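Residues per chain are reported as follows:
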Amino acid sequence: MNKFSIAIPTYYSSKFIKNTINPFIGSGVVSEIVISEDSNDELEFNKLTDILKSIQQRTSINIRVIRNKDRLGAFHNKFKSIKNCNNSYVYQIDSDNIPGKNIEDLLKNIEIPNKTIIYPSSIKQFRKLFFNQPYPKEDVILSKNEVLINKNFVKEELKNKKRIQDKDISWVLNIGNFIVKKSEYVDIVKPKLKEKEFLSADAVALSYFWLESGYKIKLLENFYHYHRKRDDSVSFTEGENSQISINHFIEKFKESS
């Protein structure tokens, strides 16, 4: 059984971090949690570290927090959180989300083919203050079955929606919260860190870079997380830049050969 690292990039997320980490406590498959904090706010960092110290007392999982000197942005901060993991297999989950109730069994039994990143096939959306009352009507199912995606799949799906269920392919490209082999992720993403534009929609950027390299995305059946709906999420705080980034990569998919 492979041991997993959990990579959690944070930015003013101390108020959510307990919800994100608690489902991993006691897990036999998770051996470390790596958190990369992207704010330079002293008060926020102290809140975060105090909470993590309290959690650490309840678990043998090694919890580590890294503090960025300057703000990196979501794309770079996710890379930093994953790069600093010690295990070969990583589950990256956003700091305001919560893993599915089946996450331990899923990680114990998962197979990750070479050159393949694992994306959720569904999400369960909930409002910021009401995790105990998810809204069933806001569940999003991308696929009820396992789906393997390459860049031609994306190009065809953009022309004529066929296989993505409740939403469209842009939701798949933007879903994030993935499982990956660390070495493959670093190989794909590290050369892209020098790029200055179009990284605001970090999940879409990763999807494009991954597929453009000839690698594949797998939507895994029964892999889901609880997605916290927030008015201050990255997609909102990045404003117009987020939509510009999404449009940029969607056009690149359309133009790809």
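What you are looking at is a predicted structure, and each value in this text was computed from that prediction instead of being measured. (Residues numbered from 1 in each chain as written. Predicted model: local features only at pLDDT ≥ 70, side-chain atom pairs only at ≥ 80, totals over all residues. Heavy atoms only, no water.)

S.K.: Before we go on, may I ask you to explain helix 8 (residues 202-212) in this structure?
M.R.: Along an α-helix, a turn takes 3.6 residues, which lines up residues three or four apart on a common side. Counted residue by residue, helix 8 has 10 buried out of 11 residues, so it is predominantly covered. Restricting attention to buried positions, one finds in helix 8 the residues Asp202, Ala203, Val204, Ala205, Leu206, Ser207, Tyr208, Phe209, Trp210 and Leu211. Just past helix 8, the residue Gly214 takes up positive phi, approximately 90°. (Buried < 20%, exposed > 50% of the residue type's maximum accessible area, 1.4 Å probe, protein only. Helix = DSSP H or I, 4+ residues; strand = E, 2+ residues; numbered from the N terminus.)

S.K.: Even after reading the chapter, I still don't get the pairing of strand 2 (residues 30-37), so can you show me in this structure?
M.R.: Side-chain positions along a regular strand alternate between the two faces of the sheet. For strand 2, the tally of buried residues reaches 7 of 8 residues, placing the bulk of the element in the interior. In terms of strand pairing, strand 1 (residues 4-10) meets strand 2 through 7 bridges, oriented parallel. Note on strand 2: the bridge partner recorded for Ile6 is Ile33. Two strands pair when backbone bridges link them, and strand 2 and strand 3 (residues 62-67) are joined in this way by 6 bridges, in the parallel orientation. Following the sheet pairing, Ile33 is matched in strand 3 by Ile63. Regarding topology, helix 2 (residues 42-56) serves as the crossover connection from strand 2 to the parallel strand 3, and that connection is right-handed. (Pairing = 2+ DSSP bridges. Right-handed = clockwise from strand over helix to strand, strands pointing away.)

S.K.: Just checking my understanding: could you explain the nonpolar core for this structure?
M.R.: Where a protein is soluble and globular, its nonpolar side chains tend to be buried together. Ranked by size, the top nonpolar core spans 44 residues in total, and within it Tyr119, Ile149 and Tyr185 carry the most contacts. Top element by residues in this core is helix 8. It accounts for 7 residues. Here Ile149 is in contact with Val154, Ile169, Val172, Leu211, Tyr215, Lys216, Ile217 and Leu219, once residues within four sequence places are set aside. (Core = buried A, V, L, I, M, F, W, Y, C linked by side-chain atoms within 4.5 Å. Contact = heavy atoms within 4.5 Å.)

S.K.: Could you clarify how one ought to interpret the pattern of salt bridges in this entry?
M.R.: Note on pairing: side chains with opposite charge can pair once their charged atoms come close. Under the criterion given, the structure shown has 11 salt bridges. A salt bridge links Glu32 to Arg64; the nearest nitrogen and oxygen atoms lie 3.2 Å apart. Here the residue Glu32 occupies a position in strand 2, and Arg64 occupies one in strand 3, the gap between them amounting to 32 residues. Taking the shortest distance from any N to any O, the salt bridge between Glu251 and Lys254 comes out at 3.5 Å. In this pair, Glu251 and Lys254 both sit in helix 10 (residues 240-255), 3 residues apart, roughly one turn of the helix. Residue class for Glu251 comes out partly exposed when judged on its relative accessible area of 37%. Judged by relative accessible area, Lys254 falls into the partly exposed class, the value being 41%. Among the ionic contacts, a cluster of salt bridges with common partners joins Lys78, Asp94 and Asp202. (Salt bridge = Lys/Arg side-chain N within 4 Å of Asp/Glu carboxyl O.)

S.K.: How should I be thinking about the side chain of Thr59 in this particular structure?
M.R.: Position of Thr59 among the secondary structure elements: in the loop between helix 2 and strand 3. Thr59 gets classed as buried once you look at its relative accessible area, which sits at 13%. Look past the residues within four positions of Thr59 in its chain and what remains in contact with it is Ile25 and Gly26.

S.K.: Help me out: how do you make sense of the packing of aromatic side chains in this one?
M.R.: Each pair of aromatic rings is reported with the distance of its centres and the angle of its planes. Throughout the structure, instances matching the rule amount to 14 aromatic pairs. Centre to centre, the rings of Phe24 and Tyr91 are 6.2 Å apart; their planes meet at 75°, and the pair counts as edge-to-face. Here the residue Phe24 occupies a position in the loop between helix 1 (17-21) and strand 2, and Tyr91 occupies one in strand 4 (residues 89-92), the gap between them amounting to 67 residues. Comparing Phe24 with Tyr91, the two get one shared label, buried. Cation over ring: Arg67 sits above Phe45, and NZ or CZ is 4.5 Å from the ring centre. Above the face of the Tyr224 ring, Lys124 is positioned so that its terminal group lies 5.2 Å from the ring centre. (Phe/Tyr/Trp six-rings, centres within 6.5 Å; stacked < 30°, edge-to-face > 60°. Lys NZ or Arg CZ within 6 Å of the ring centre and 35° of its normal.)

S.K.: Can you walk me through the pairing of strand 4 in this structure?
M.R.: Side chains of strand 4 alternate between two faces, with Tyr89 and Tyr91 and Val90 and Gln92 buried alike. Pairing geometry for strand 1 and strand 4, over 4 bridges, is parallel. Pairing of Phe4 across the sheet is with Tyr89, part of strand 4. As paired elements, strand 4 and strand 9 (residues 179-181) share 3 bridges and run antiparallel to each other. Residue pairing across strands places Tyr89 opposite Lys181, the latter belonging to strand 9.

S.K.: I tried to follow the packing of helix 5 (residues 151-159) against helix 10 on my own but got confused; where do I start?
M.R.: The geometry of a pair of packed helices is captured by two quantities: the angle between their axes and the separation between those axes. The contact between helix 5 and helix 10 brings their axes to 8 Å, and the two run at 105°. It follows that helix 5 is roughly perpendicular to helix 10 by the angle criterion. Listed contacts from helix 10 to Lys151, Val154, Lys155 and Leu158 of helix 5 are Ile250, Phe253, Lys254 and Glu255. For the contact of helix 5 with helix 10, the per-class residue count stands at 4 nonpolar, no polar and 4 charged. (Axes fitted to C-alpha atoms, helices over the stretch in contact; angles between N-to-C directions. Parallel < 35°, antiparallel > 145°, perpendicular 65-115°, else oblique. Nonpolar A, V, L, I, M, F, W, Y, C, P; charged D, E, K, R; others polar.)

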